[in-house]
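Chain by chain, the residues run as shown.
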Amino acid sequence: MTTQTQRAPSQTSRILSADDIEALAVGAWILGTGGGGDPYHKLLNMRILYEAGREVTLIDPMTLDDDAVIAVVSNMGAPLVGQERLADPEFALKPVRMMEEHMGRKFDAIMSLEIGGGNGMHPMQIAALTGYPVVDADTMGRAYPEAQMTSVAVAGLRCYPLTMADIRDNEIIIPRAASWRWMERISRKACTEIGSVAATCKAPRTGAEIKQHGVLYSVSNAIALGSRVIEARAAHTDPIEAVLSAASGKRMFLGKVVDVDRRATEGFLRGKAVIEGLHDFAGHEMVVHFQNEFSVAYLNGEPVVMTPDLICLLDSVSGEGIGTDVLRFGQRVSVLALPAPAVFLTDQGIAAVGPRAFGFDLDFKSVFEESWT
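Residues numbered from 1 in each chain as written. Predicted model: local features only at pLDDT ≥ 70, side-chain atom pairs only at ≥ 80, totals over all residues. Heavy atoms only, no water.

K.L.:
Account for the pattern of salt bridges, with residues named and values stated.
P.N.:
Using the criterion set out here, one finds 16 salt bridges in the structure. Of the charged contacts in the structure, one is a salt bridge between Glu100 and Lys106, with a shortest N-O distance of 3.6 Å. Shared partners join several salt bridges into a network, and the residues in it are Lys94, Asp169 and Glu171. (Salt bridge = Lys/Arg side-chain N within 4 Å of Asp/Glu carboxyl O.)

K.L.:
Please provide a residue-by-residue account of the pairing of strand E15 (residues 293-299), values included.
P.N.:
The buried fraction of E15 is high, at six of seven residues. Pairing of strand E14 (residues 285-291) with E15 involves six bridges; the strand directions are antiparallel. Looking across to E15, one finds that Met286 is bridged to Leu299. Counting the residues between successive antiparallel strands, the hairpin from E14 to E15 contains one residue, one of them, Asn292, with a positive phi of roughly 65°. Sheet topology note: the E15/strand E16 (residues 302-306) ladder contains four bridges and is antiparallel. The residue of E16 that forms the bridge with Leu299 is Glu302. In textbook terms, the turn of a hairpin is the stretch between consecutive antiparallel strands, and for E15 and E16 this stretch comprises two residues, one of which, Asn300, has a positive phi near 50°. (Buried < 20%, exposed > 50% of the residue type's maximum accessible area, 1.4 Å probe, protein only. Helix = DSSP H or I, 4+ residues; strand = E, 2+ residues; numbered from the N terminus. Pairing = 2+ DSSP bridges.)

K.L.:
Describe the sheet that holds strand E13 (residues 268-277), with residues and values.
P.N.:
In any sheet, the strands associate via hydrogen bonds between backbone groups, in a parallel or an antiparallel arrangement. Overall, antiparallel pairing links the seven strands, which are arranged E16-E15-E14-E13-E12-E18-E17 in an open sheet. Each of the sheet's edge strands pairs with one partner strand only, and the pair in question is E16 and strand E17 (310-315). Looking at each pair of strands side by side, their axes are set apart by 35° on average, direction ignored. Pairing analysis gives seven bridges linking E13 to E14, with the strands arranged antiparallel. Residue pairing across strands places Gly271 opposite Phe290, the latter belonging to E14. Set on the sheet, helix H10 (residues 239-247) makes contact with strand E12 (250-265), E17 and strand E18 (332-338); between it and E18 the angle comes to about 5°. (Axes fitted to C-alpha atoms, helices over the stretch in contact; angles between N-to-C directions. Contact = heavy atoms within 4.5 Å.)

K.L.:
Explain the packing of aromatic side chains to me, using residue names and the numbers behind them.
P.N.:
According to the stated counting rule, one finds four aromatic pairs in the structure shown. Between Tyr298 and Phe360, the aromatic rings sit 6.4 Å apart at their centres with planes inclined by 45°, giving tilted as the arrangement. Taken together, the residues span a long stretch of sequence, with Tyr298 in strand E15 and Phe360 in the segment after helix H11 (347-353) at a distance of 62 residues. Judged by relative accessible area, which is 18%, Tyr298 ranks as buried. Looking at Arg185, its charged tip hangs above the ring of Trp182, at a distance of 4.3 Å from the centre. (Phe/Tyr/Trp six-rings, centres within 6.5 Å; stacked < 30°, edge-to-face > 60°. Lys NZ or Arg CZ within 6 Å of the ring centre and 35° of its normal.)

K.L.:
An account of the packing of helix H4 (residues 89-103) against helix H5 (residues 118-130) is needed here, citing residue identities and associated values.
P.N.:
Running from amino to carboxyl end, H4 crosses H5 at an angle of 85°, the nearest separation of the two axes being 9 Å. Taken together, H4 and H5 sit at an angle that is classed as roughly perpendicular. Taking contact as the criterion, the partners of Pro89, Glu90, Ala92, Leu93, Val96 and Arg97 in H4 are, on H5, His122, Gln125, Ile126, Leu129 and Thr130. Taken together, the residues of the contact of H4 with H5 sort by class into six nonpolar, three polar and two charged. (Parallel < 35°, antiparallel > 145°, perpendicular 65-115°, else oblique. Nonpolar A, V, L, I, M, F, W, Y, C, P; charged D, E, K, R; others polar.)

K.L.:
Break down helix H1 (residues 18-31) for me, citing the residues and quoting the values.
P.N.:
An ideal rise of 1.5 Å per residue puts 20 Å on 14 residues; H1 measures up with 20 Å between its terminal C-alpha atoms. Among the 14 residues of H1, 11 are classified as buried, and the element is accordingly described as predominantly covered. Listed as buried for H1 are Asp20, Ile21, Ala23, Leu24, Ala25, Val26, Gly27, Ala28, Trp29, Ile30 and Leu31. One or two steps after H1, the chain reaches Thr33, where phi turns positive at roughly 50°. (Expected span 1.5 Å × (residues − 1).)

K.L.:
So, the packing of H1 against H5: which residues are in play, and what are the values?
P.N.:
Where H1 contacts H5, the two axes come as close as 8 Å, and the packing angle between them is 150°. Our classification of the angle between H1 and H5 gives roughly antiparallel. Contacts between H1 and H5 involve Ile21, Leu24, Ala25 and Ala28 from the former and Gly120, Met121 and Met124 from the latter. Considered class by class, the residues forming the contact of H1 with H5 number six nonpolar, one polar and no charged.

K.L.:
Describe the nonpolar core, naming the residues involved and giving the relevant values.
P.N.:
By size, the foremost hydrophobic cluster in this structure holds 49 residues, and its most contacted members are Leu24, Ile30, Met46, Val56 and Ile110. Once residues within four sequence positions are removed from consideration, Ile30 is found in contact with Leu225, Val229, Val243, Cys312, Leu314, Gly319, Gly321 and Leu338. (Core = buried A, V, L, I, M, F, W, Y, C linked by side-chain atoms within 4.5 Å.)

K.L.:
Residue-level account of helix H2 (residues 40-51), with values.
P.N.:
End to end, H2 covers 17 Å across 12 residues, agreeing with the expected 16 Å (1.5 Å per residue, within 8%). Residues of H2 that are buried include every one of Lys42, Leu43, Asn45, Met46, Leu49 and Tyr50, and no others. Looking straight down H2, one finds its buried side chains confined to an arc of 160°; they lie on one side. In H2, the exposed residues that point more than 90 degrees away from the buried face are Ile48 and Glu51. Turning to H2, the residues buried within the fold contact strand E1 (13-16), H1, strand E2 (56-59), strand E3 (69-77), H4 and H5. (Arc of directions from axis to C-beta.)

Rendered as structure tokens:
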């Protein structure tokens, strides 16, 4: 299993079990690359909903009708602020209902903007409340911080309309924007004004658009990844090796966090973490930069892994993902690189999510290229 797996449809739909939801939380947190929000509170909500008899149906994207209309949902804002505002399924649903009222029709299904972190769990809450099926796809295959950093933006699909809601009963509709970057600027400003956390429903997508431009089977991949980690824990084997095997990844570093510089600004969480090497990496230092998600890692001052390759910091014992909002001194971490979805390895994809998109004057080079030294 890799993060960009695309395969022929195997079944029309399946009901996700409670174990699948647990595994999704683990796998999505790893794929979040430090962002997307901690899935824990959304997992707690899903446990309550399942105990109440609710369930979620996952559908194969390739079985969607071309003219089906799909809600693309996520939370938006700075992960650090998300720790202070607990997840609420009704809050997640609100912008979906706003969008349906704006369009004058109901959705056929729902899908996550990003499989990474809590946003990978986000549509599950809405599906459990409404009965809408969840499409086994997203638009990132991980988490990214900005609106233009999606597969549908890279494809040049329409960026509007967008609906947004907060906990104070504010509702915002952006009916039109000039570009994906303008949609990001406008919606980010609005999000910042209402407290740097908001529930959103992005531009609706058709079934044809998802089949052609979505990152397919990302939900199943996240569940499979999380299941491997849970199995490794139960068997008292190395969960880091389980992640590397399941996601075709590479171990880049092993060490202890010795410093974190972190600040919430303009609706993002920005900063860097300094990691002191342990064991085979003793005497070396890695610095990992982030904007909600990890973007570029330097080893002894030299860039060694960068977006769009996924940079994942995991707890070295449990294999649990570590978010940029909870990095702290003394954590023993393993830094892994996982392969990016193919759409982001194109020239257009690298322009949208490569290191220069995050302010680094670097040419992208993947750790999975044979020429990498």
